[in-house]
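Here is what each chain is made of, one letter per residue.
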Amino acid sequence: MATRVPAVEGWFTLGEEGAPALLGSRCAGCGTYAFPAEASFCRNPDCDGQEFETVELSRRGRIWSYTDARYQPPPPYLAADPYVPFCLAAVELAAEKLVVMGQVVGGVTVDDLRVGDEVELVIDTLYGEGDQDFVVWKWRPVAGPAGG
Amino acid sequence: MPDDKRVAVLGAGMHPWGKWGRPFVEYGLVAAREALADAGLAWRDVEFVSGADTIRNGYPGFVAGATFAQALGWTGARVSSCYAACASGAAAIASARAQILAGLCDVALVVGADTTPKGFFAPVGGDRKDDPDWLRFHLLGATNPTYFALYARRRMDRFGATEEDFAQVKVKNARHGQANPNARYRGEVTVDEVLASPMVADPLRLLEICATSDGGAAVVLASMEFARRHGGGAEPTVTINAVSTVTPAFPNTVIEMPNFSTDSAVALGAAGGDGGAFRPSITAAAYAEAGIGPEDLDLAEVYDLSAALELDWYEDIGLCGEGEGEKLLRDGVTALGGRVPVNPSGGLSCFGEAIPAQAIAQVCECVWQLRGAATGRQVEGARVAVTANQGLFGHGSSVVLAR
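**Digging into the overall build of chain A**
Within chain A, the regular secondary structure consists of 0 helices and 9 strands. Along chain A, from the amino end to the carboxyl end, the secondary structure elements read β-β-β-β-β-β-β-β-β. With the principal axes as the frame, chain A shows a C-alpha extent of 50 × 40 × 30 Å. Relative to its 148 residues, chain A shows a buried fraction of 50%. Accessible surface, chain A as shown: approximately 7,400 Å² in total, 47% of it carbon and sulfur. Positive and negative side-chain charges in chain A, numbering 11 and 22 respectively, have mean positions lying 7 Å apart.

Right under this line is the structure:
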C-alpha cells in the first residue's frame, strides 16, 4: 500500500487522529488568522504581535466561488496521464473570516456547485510517485437536505 | 490644478504587440525612439531613464532601465528600474514623475518591453517551496485564468451575469481594436464565435482570456516649466495629474492571485475596517490625488485580463454600483459612442499582455485620445482619462490624465 506523504510540509493534518484540517496561525495578540501559517509577523497593521499559535482551521465552509481547469496546468503541477480536469473552489470559513482556495475532489463538475454551498475538507491524492502518494487538501460538497 | 502635482506628457510611442519572438530590447528601443520623436526631443535631452522590468528574459530584464539606456547609447543619464508585476509600468511612471516633481530633473523617459513564452504563464523554474506563486501551481494547479474565473463565476451567481454578457465585452473590445495599428488582434469577433471557443476555466472561454504578447511602450515626461519652454510658451496638451501605486488595505477580503487565502477579518470584529476589496481603492486614490471623481471621466483603459473582469472594473472605478456592470455594458455606455468608453484601444482583449509595457501602453492610448489623435477609435472631445490595473502581490496602478 502506498504511503501518504503531504505534498507540502506543515500546511494540514492527515486526520490520522480524527478529521483532517488545514493548519493556520492565530496571532496571540489580536486573534488574526493566516493560512498558510505566519510565524514572523501579523498581517494586522495595528498589531505588532510576534507570538502565534498553530491552529486547525474550520473543516467546513461555504463556497465563495468556483471554477475548473479544462486544460492541464503547466509545471510545477504534476498531472496524471491522461489528464483529468478538476474543479477548484474558494471557500469562506465563517469563524476565521477568511477565504481559502483548494481543489474540489474528483467526480465533481461545476454543474454540481453553487456560490454559498457548504463543503468540507478532505485529504486526497495530488500525484503519485513510486510507492508514495503525495496528498493535499481538497473540498468535498456536503450533501444537504436540499441535495447539496 | 496647481503645477506642483502635474507633469507633462510630451511623447508617447509603442512597438506593435504581437508574437514576434525578438529580443525585448528591440521593442523598447522602437517605442522609446517613437516617444522621443513624438516629443520633439533628442535622447541626449533625457536626464532620467525609468525602466519597467521583465522577469522573463534573464537577470531581471537585464535591469531594464540601464539596458534601454545602453541600447540608446550611454549618455550618463540617471537611471532607475522597477518591477511591480503587471503594475510595473505605472511604478516606472511614478518613479519618473517623482524625480520631476522633486525638481531633480526636467525630462524623463519611461520604457517597458517584454518577450513572452507561449501558453499559460507559469512560475519561474526550480523547486521553490517558499514561493506562493510556485506553490499555487504545484499544490492547486491554479493558473491565472483560475482566479479570473472565480471572479466571473461569482458575478454570475450573485448578479445574474450571463455567458453572453462576457462575450459582449469581447465583441465590444474587438470592435474598438480594429483600427488600432498597435493591437495584435484586429479582427471582428461575434458572440457566437466567442461562445463556440473552448472552455478554459469555467465560465471563461479561450476568446475571453487575455493572451501573452510581445510589445514595448514608452512615454516622455517633463516638468510643466520645461514643457512650456519647449512649447514656445503654450500649455502642454496632455498632463498626468495623478498616479496611484497603492497597496491593499487590511483586511483584503478578496482572493488575489497568487494567494491561497484572503486576509482574516476576525480582528476587526463586526465593525469592519478600512479593508475590503483592493481594486476599488486603486482608482479612488488616483481620483483623490487628481481632485476628480468618476463622473468626470471621458474614457477609461482598464485591465481586462478576462472579458468578465472588465465588468468588475466598471464598478471598481466607480462608473456604476455593485452588480450594475452588466447593465452599463448592455446600454452601450462603455462602447465607443457611449458616455464613457472603456478600453477604446481594444484593451488586453486585442493586445494580449506584455507585462512591463502594458500599464505604459494604457497611458499611451489615453495620451492619443486626449490629443484627439486616436484615429478610427477616437472618443470625441475627451478631456479626462483614467487607467486602472493591478499587479501580483498587491500593486495598485492607476494614472489620471487630462488635457
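**Concerning the interface of chain A and chain B**
Taken together, the 46 residues of chain A in the interface contact 41 residues of chain B. Summing both sides of the interface, chain A and chain B together bury roughly 3,700 Å²; the carbon and sulfur share of this comes to 64%. Where chain A packs against chain B, one counts 3 salt bridges. Of the charged contacts in the structure, one is a salt bridge between B:Asp157 and A:Arg114, with a shortest N-O distance of 3.2 Å.

**A closer look at the sheet that holds strand β2 (residues 48–52) of chain B**
Residues and elements named next belong to chain B. Taken in spatial order, the 9 strands make up an open sheet running β3-β2-β4-β7-β1-β8-β11-β10-β9, and their pairing is mixed. Since the sheet does not close on itself, it has two edges, and those belong to β3 (78–82) and β9 (299–302), each with one partner. Here the strands of the sheet are splayed against their neighbours by 20° on average, with no regard to which way each runs. Sheet analysis places β2 next to β3, joined by 5 bridges and oriented parallel. Pairing of alanine 52 across the sheet is with cysteine 82, part of β3.

**Let's talk about the nonpolar core**
For soluble globular proteins, the rule of thumb is that nonpolar side chains tend to be buried together. Residues A:Trp11, A:Phe12, A:Leu22, A:Trp137, A:Trp139 and B:Leu139 are the most contacted members of the largest nonpolar core, which totals 101 residues. Residues B:Cys105, B:Ala108, B:Cys350 and B:Ala385 belong to the second largest nonpolar core, which totals 40 residues.

**Focus: unusual backbone geometry**
All names here are of chain B. Cis geometry marks the peptide bond from phenylalanine 250 to proline 251; its omega dihedral reads -5°. Along the chain, methionine 257 connects to proline 258 via a cis peptide bond; the corresponding omega equals 0°. With respect to the helices, strands and loops of the structure, proline 258 is situated in the loop between β8 (239–244) and α9 (279–290). Within the chain, alanine 85 stands out as a residue other than glycine whose phi angle is a positive 50°. Inspection of the secondary structure assignment puts alanine 85 in the loop between β3 and α3 (88–101).

**Some remarks on the domain arrangement of chain B**
Residue and element names in this part refer to chain B. For chain B, the domain assignment lists domain 1 (3–118 + 214–236) and domain 2 (132–207 + 241–402). On the side of domain 2, 34 residues touch domain 1, which itself brings 41 residues to the contact. Of all residues in domain 1, Met14, Trp17 and Cys86 bury the most surface against domain 2, accounting for 28% of the area lost on that side. Here domain 1 and domain 2 share 2 salt bridges between them. Across the pair arginine 371 and aspartate 38 runs a salt bridge, and its minimum N-O distance is 2.9 Å. Our count for the contact surface shared by domain 1 and domain 2 stands at 7 residue pairs in polar contact (both at pLDDT 80 or more). Mapped by element, the contributors of at least two residues to the side of domain 1 that touches domain 2 are β1 (7–18), α1 (24–39), α3, β4 (107–114) and β7 (214–222). Among the elements that take part in the side of domain 1 that touches domain 2, β1 stands out by supplying 10 residues, more than any other. Residue composition of the side of domain 1 that touches domain 2, by class: 21 nonpolar, 11 polar and 9 charged.

**What about the side chain of B:Gln369?**
Residues and elements named next belong to chain B. Inspection of the secondary structure assignment puts glutamine 369 in helix α13 (residues 355–371). Since its relative accessible area comes to 1%, glutamine 369 is described here as buried. Those residues in contact with glutamine 369 that sit more than four places away from it in its chain are Leu299, Pro344, Ala374, Arg377, Gln378, Val379 and Ala382.

**Things to note about the packing of helix α5 (residues 144–159) of chain B against helix α10 (residues 307–316) of chain B**
All names here are of chain B. Taken N-terminus to C-terminus, the directions of α5 and α10 make an angle of 65°; their axes are 8 Å apart at the nearest point. The angle between the axes of α5 and α10 places the two elements in the roughly perpendicular class. As for how α5 packs across α10, the hand of that crossing is left-handed. Between α5 and α10, the residues in contact are Tyr151, Ala152, Arg155 and Phe159 and Ala308, Leu309, Leu311, Asp312 and Glu315, respectively.

**Notes on the packing of helix α6 (residues 163–177) of chain B against α10(B)**
Angle between the axes and distance between the axes are the two parameters that describe a pair of packed helices. Residues and elements named next belong to chain B. Interaxial distance between α6 and α10 falls to 7 Å at its minimum, and their mutual angle equals 90°. It follows from the interaxial angle that α6 and α10 lie roughly perpendicular. Contact residues: α6 offers Asp165, Phe166, Val169, Lys170, Lys172 and Asn173, while α10 offers Ala307, Ala308, Glu310, Leu311 and Tyr314. Of the residues in the contact of α6 with α10, the class split is 6 nonpolar, 1 polar and 4 charged.

**Examining the layout of surface pockets**
A water-sized probe rolled over the atoms picks out the places where empty space is left. All names here are of chain B. Here the second largest pocket is characterised by a volume of approximately 700 Å³. Mapped onto the lining of the second largest pocket, the elements with two or more residues apiece are α4 (132–140) and β10 (384–391). For the lining of the second largest pocket, a count of residues per class yields 18 nonpolar, 9 polar and 5 charged.

**Topic: the side chain of A:Ser25**
All names here are of chain A. Looking at the secondary structure, you find serine 25 in strand β2 (residues 23–27). A polar side-chain atom of serine 25 sits 2.9 Å from the main-chain amide nitrogen of glutamate 38. The residues contacting serine 25, other than those within four sequence positions of it, are Thr32, Tyr33, Ala34, Ala37, Glu38, Phe52, Glu53 and Val55.

About the cut-offs
- Sequence order as written defines residue numbering, which begins from 1 separately in each chain.
- Each chain takes a letter, starting from A, and each ligand takes a number, starting from 1, following the order in which they are written.
- Owing to the predicted nature of the model, reporting of local features is limited to residues with pLDDT of at least 70; listing and counting of side-chain atom pairs is limited to 80 or more, with chain, interface and lining totals taken over all residues.
- The basis for every side-chain value is the complete set of non-hydrogen atoms in the structure, without hydrogens or water.
- Only DSSP runs of H or I covering at least 4 residues are called helices, and only runs of E covering at least 2 are called strands; the numbering of each starts at the N terminus.
- Buried residues are those whose accessible area, probed at 1.4 Å on protein chains only, stays under 20% of the maximum for their type, while exposed residues exceed 50% and partly exposed ones sit between those limits.
- Under the convention used here, a 1.4 Å probe and the Shrake-Rupley method define accessible areas, while residue burial counts only the protein chains that appear.
- Positive: Lys, Arg. Negative: Asp, Glu. His and the chain ends are not part of the count.
- Taken as the charge location is NZ of Lys, CZ of Arg, CG of Asp or CD of Glu.
- Contact definition: two residues touch when any of their heavy atoms are within 4.5 Å.
- When two parts are put together, the accessible area they lose, computed with a 1.4 Å probe and summed over both, is reported as buried area.
- Salt bridge criterion: a side-chain nitrogen from Lys or Arg within 4 Å of a carboxyl oxygen from Asp or Glu.
- Here, strands pair whenever DSSP counts at least two bridges between them.
- What counts as an axis is a line fitted to C-alpha atoms, over the stretch in contact for a helix, and the angles between N-to-C directions run from 0 to 180 degrees.
- Think of a nonpolar core as a cluster: buried Ala, Val, Leu, Ile, Met, Phe, Trp, Tyr and Cys residues, connected wherever their side-chain atoms sit within 4.5 Å.
- For the domain bounds, the source is a domain assignment made automatically or taken from a database.
- As used in this structure description, the phrase polar contact means that two N or O atoms lie within 3.5 Å; if the pair is within protein, one of them must be able to donate a hydrogen and the other to accept it, and residues adjacent in sequence are counted only when both atoms belong to side chains.
- The classification used treats Ala, Val, Leu, Ile, Met, Phe, Trp, Tyr, Cys and Pro as nonpolar, Asp, Glu, Lys and Arg as charged, and all other residues, Gly among them, as polar.
- Comment on the angle field: the value is read as roughly parallel under 35 degrees, roughly antiparallel over 145, roughly perpendicular from 65 to 115, and oblique elsewhere.
- Left-handed describes a crossing in which the near helix is turned anticlockwise from the far one by less than a right angle; the clockwise case is right-handed.
- With a 1 Å grid laid over protein atoms only, a set of points is called a cavity when a 1.4 Å probe fits there but cannot get out and a pocket when it is open yet has protein on both sides within 12 Å along at least five of seven lines; lining residues have an atom within 4 Å of a point.
- Grid points are joined across faces, edges and corners, and a volume is the space filled by probe spheres set on the points.

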